[in-house]
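Listed here are the chains, written in short residue letters.
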Amino acid sequence: MKAFWSYLKMELKRAVKRLPFLVLGTAALVLLLSGGALLGKNMLYGNKISGRIKVAVILPEQDPLPRRAMGMLQSLESVKSLCDFTNMNRDDAENGLKKGSVYAALFMPEGFVQDIMSGTNTPVTVVLADQSQMESRIFKELTQGGAKTLGAAQAGIYSGDEYLIKKGRQEEIPALEDELNRLYLEASLPRMDYFKKVKINGAGNISITCFYGISASVLVLLFSVLSVAGFLLPWNKGMRESLDGAGMGPGIRTAGRILGLSFLLFCITLPGVSAAVVMDQIPVKHLLSLEFAKIIALSVLTDLSAAAFCNALFRLSGSLPGGVLLLFLVTTVSHFAAGGFLPKVFLPQAVQRVSSCMPTEVLMDAFRSMVTESMGKKEILHLMVLFTAGFLVSWFKEVQED
């Protein structure tokens, strides 16, 4: 134990000497990533996420009822806030789709409304101009949402009809259908009411500004290591032999190196967390409260995990340029897969499935739990797993070099 404390004291002295480089590097990162966070917020949720969706409607000439149905559709708040419908013939609609002047076309069949009332359900043909365009994707979601609403309504009506038929009460079917139609219309037509009551966003239970603040904090924490990369260089053979002779084996050297780097990381984490508390981003009454002490304890564990992760990458690379490149590449790829640049809901399903395994996801969850007051066993367990994995990789490389 005496050997460990002696080595830890030596590593802390080395760390303190590199503190000015860390401060300067962190300041530059904060300025750079703050601008990136603001840009990302505006790109994701600016004042306008798409243009008006221009939709061509091709109506049957001999049937006036589809025109009335389209009038009711255009009156929906959730539709008219995004879509502009224009009646066209088939040739003009097809040309508009090719030229990009319209994003979608609705081809209404003959007897469309009558078929709905009779249960035949002749489908409307929907043609999208380009699936990659935001407007086309939004309109696709609108049409699919409307189809699901209509399907749920019809399933309810059919179930009610079947129930009355089995009970021998067929004469009550018209009254039941009228009542169910009224209930479903009341629930589905004023859909904007739901958005006034429940506000959601792609970042989950935190604001977009807070989300990108957490994302930037993780990048600052990991990329700040690049400014003190020399601290993580492995000892040469002569120094290792001297340390082994003094009783400071691979385990002690690994623990001392990680603790030294953790001290440097804590020197930037503590001011950041304190500033978040002062700005009411972290809900803590004051800096001397028990809640703040718990946040500091979680910050220490976060720094230890990040330090073990970074040290393992440098030990795997075996050189300063290799460690810098490996840390940058792994952090960037991991942060993208974890939804740090774009929230996970915007990423492909295959990427979302592996996001929870990403190291940056673990660190983001830790910072997110501080903001939402949801610190629990899951965040602590994941941090401990990340720390253990980083420590074991570093220790194995130390043993291998010996």
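Here the residue numbers are simple positions, counted from 1 along each chain's written sequence. The predicted nature of this model means local features are confined to residues of pLDDT at least 70 and side-chain atom pairs, given and counted, to a pLDDT of 80 or more, with totals for whole chains, interfaces and linings taken over all residues. Computation of side-chain values covers all heavy atoms of the structure but excludes hydrogens and water.

Further remarks concern the overall build of the chain. Only DSSP runs of H or I covering at least 4 residues are called helices, and only runs of E covering at least 2 are called strands; the numbering of each starts at the N terminus. The number of helices and strands found in the chain is 17 helices and four strands. Buried, partly exposed and exposed residues are distinguished by accessible area as a fraction of the type maximum, computed with a 1.4 Å probe on protein chains only: under 20%, between the cut-offs, and over 50%, respectively. Burial status across the chain gives 40% buried among its 402 residues. Values of accessible area rely on a 1.4 Å probe in the Shrake-Rupley scheme; residue burial ignores everything except the protein chains shown. Element-wise, carbon and sulfur atoms account for 64% of the exposed surface of the chain, whose accessible area totals about 22300 Å².

What follows is about the sheet that holds strand β2 (residues 83–87). Within the open sheet, the four strands sit side by side as β2-β1-β3-β4. Their pairing is mixed. Because the sheet does not close on itself, it has two edges, and the strands there are β2 and β4 (125–128). Here the average twist between neighbouring strands, direction ignored, is 20°. Here strand β1 (residues 53–58) pairs with strand β3 (residues 104–107) via four bridges, running parallel. The residue bridging Val57 from the neighbouring strand is Leu106, located in β3. Where helix α5 (residues 90–99) meets the sheet, it contacts β1, β3 and β4, and its direction lies at approximately 155° from that of β3. In short, DSSP must find at least two bridges between two strands for them to pair. Note on method: axes are straight lines fitted to C-alpha atoms, helices fitted across the in-contact stretch only, with angles between N-to-C directions ranging 0 to 180 degrees. Note on definitions: a residue-residue contact is assigned when non-hydrogen atoms from the two residues lie within 4.5 Å.

A few words now on the pattern of salt bridges. Here, a salt bridge means any side-chain nitrogen of Lys or Arg that lies within 4 Å of a carboxyl oxygen of Asp or Glu. In the structure shown here, the tally under the stated rule is seven salt bridges. Here Glu11 and Arg257 are joined by a salt bridge, their closest N and O atoms 3.2 Å apart. Taken as a pair, Glu11 in helix α1 (residues 2–17) and Arg257 in helix α12 (residues 250–278) lie far apart in primary sequence, 246 residues in all. One exposure class covers both Glu11 and Arg257, and it is buried. Two residues, Glu162 and Lys166, come together in a salt bridge whose shortest N-O distance is 3.5 Å.

Before going further, it helps to spend a moment on the packing of aromatic side chains. For Phe, Tyr and Trp, where Trp contributes only its six-membered ring, two rings pair if their centres lie within 6.5 Å, and the inter-plane angle classes them as stacked under 30 degrees, edge-to-face over 60, or tilted in between. The full count for this structure, using the stated rule, is three aromatic pairs. Ring geometry for Phe223 and Phe328: centres 5.6 Å apart, planes at 25°, overall stacked. Of the two residues, Phe223 is situated in helix α10 (residues 208–223) and Phe328 in helix α14 (residues 320–337); the sequence distance between them amounts to 105 residues.

In terms of nonpolar packing, the biggest core is built from 48 residues, with Val225, Leu261, Leu265 and Ile282 touching the most fellow members. If one sorts the elements of this core by residue count, helix α13 (residues 290–317) sits on top with 12 residues. Apart from residues no more than four positions distant in its own chain, Leu265 is found in contact with Leu221, Ser224, Val225, Asp303, Ala306 and Ala307. To define a nonpolar core, start from buried Ala, Val, Leu, Ile, Met, Phe, Trp, Tyr and Cys residues and group those joined through side-chain atoms within 4.5 Å. With 11 residues, the next largest nonpolar core counts Val57, Leu59, Ala104 and Leu128 among its residues.

Here we come to α5. Considered for burial, the residues of α5 that qualify are Ala93, Gly96 and Leu97. Considered in projection along α5, the buried side chains sweep an arc of 100° and stay on one side of the axis. The exposed residues of α5 that point more than 90 degrees off its buried face are Asp91, Lys98 and Lys99. Tucked into the core, α5 has its buried residues touching β1, β3 and β4. Nitrogen and oxygen atoms within 3.5 Å of one another constitute a polar contact, given that in protein one can donate a hydrogen and the other can accept it, and given that sequence-neighbouring residues count only through two side-chain atoms. At the N-terminal end of α5, a side-chain oxygen is found 3.3 Å from the backbone nitrogen of Asp91, two or three residues along, and the residue is Asn89. Phi turns positive one or two residues past the end of α5, at Gly100, with a value near 85°. The directions considered for the arc run from the helix axis to the C-beta atoms.

To continue, consider a nonpolar patch on the surface. A surface patch of nonpolar side chains, amounting to about 380 Å² of accessible area, comprises Leu392, Trp395, Phe396 and Val399. If you trace the backbone, Val399 turns up in helix α17 (residues 377–401). A relative accessible area of 35% places Val399 in the partly exposed class. Patch members must show over 30% relative accessible area and no salt bridge, and they are joined within 9 Å when carrying like charges or within 5 Å when they are nonpolar side chains of Val, Leu, Ile, Met, Phe, Trp or Tyr.

The subject of this paragraph is α14. Any helix carries an expected span of 1.5 Å times its number of residues minus one. The terminal C-alpha atoms of α14 lie 26 Å apart, and with 18 residues this matches the ideal 26 Å at 1.5 Å per residue to within 8%. Taken residue by residue, α14 has Gly323, Leu327, Thr331, Ser334, His335 and Ala337 as its buried positions. Considered in projection along α14, the buried side chains sweep an arc of 155° and stay on one side of the axis. Residues of α14 that are exposed and point over 90 degrees away from its buried face: Pro321, Leu325 and Val333. Where α14 begins, one side-chain oxygen reaches toward the backbone nitrogen of Gly322, 3.2 Å away; that side chain belongs to Ser319. Once α14 ends, the next one or two residues include Gly339, with phi positive near 80°.

Residue alternation in β3 divides its side chains into two sets, Ala104 and Leu106 and Ala105 and Phe107, and both sets are buried. Sheet topology places β3 next to β4; four bridges connect them, and they run antiparallel. When the bridges of β4 are listed, Phe107 appears paired with Thr125.

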